[in-house]
Amino acid sequence: MLTNDARVMLVEDSPLIRSYISRILKDEGGIEIVYKARNGAEAVQYLKSNYSRINIIILDIEMPVMGGMTALPLLRGFGENIPIIMSSTLTTDGAEMTVSALALGASDYISKP
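Calculation rules
Residues numbered from 1 in each chain as written. Predicted model: local features only at pLDDT ≥ 70, side-chain atom pairs only at ≥ 80, totals over all residues. Heavy atoms only, no water. Phe/Tyr/Trp six-rings, centres within 6.5 Å; stacked < 30°, edge-to-face > 60°. Helix = DSSP H or I, 4+ residues; strand = E, 2+ residues; numbered from the N terminus. Buried < 20%, exposed > 50% of the residue type's maximum accessible area, 1.4 Å probe, protein only. Pairing = 2+ DSSP bridges. Axes fitted to C-alpha atoms, helices over the stretch in contact; angles between N-to-C directions. Contact = heavy atoms within 4.5 Å.

J.: I would appreciate a short explanation of the packing of aromatic side chains in the present structure.
T.: In this description, an aromatic ring pair is defined by two values, namely the gap between the centres and the angle between the planes. Evaluation of the coordinates by the stated rule reveals 2 aromatic pairs. Ring centres of Tyr 35 and Tyr 46 lie 3.9 Å apart, and the angle between their planes is 5 degrees; on these two criteria the pair is classed as stacked. Here the residue Tyr 35 occupies a position in strand β2 (residues 31-37), and Tyr 46 occupies one in helix α2 (residues 40-50), the gap between them amounting to 11 residues. In this structure Tyr 35 comes out as partly exposed when scored by relative accessible area, which is 25%.

J.: Sorry if this is basic, but what is going on with the sheet that holds strand β1 (residues 6-11) here?
T.: Whether parallel or antiparallel, the strands of a sheet pair through hydrogen bonds between backbone atoms. In space, the 5 strands of this open sheet follow the order β2-β1-β3-β4-β5, with parallel pairing throughout. Each edge of the sheet is formed by a strand with only one pairing partner; in this case those strands are β2 and β5 (108-111). For this sheet the average axis-to-axis angle between neighbouring strands, irrespective of direction, equals 25 degrees. α2 contacts β1, β2 and β3 (56-60) of the sheet and is inclined by roughly 120 degrees relative to β2.

Here it is, written out as structure tokens:
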């Protein structure tokens, strides 16, 4: 059953960072992490058949198999209505990677500690 809560797909290759972000989001309340992907390829595959379950994507930039910059346009291809938030040590205000991600369709960015 779908609710009005944020339903997040977290795409992050580091188990430590996945755990850290999951804990922060859980503590906020009203946020459910529906799926955790280890790379962009897993995220694209999951979204193909579970599009209606996700309403926010948090996407790392540097990952093995398929990085976030490659996955971003593929994920965006499922529709413009899912916000995609880039998460990386490379995403800071005005950084080249941030500008590129926003140009490819990212909705916003957060910097990882």
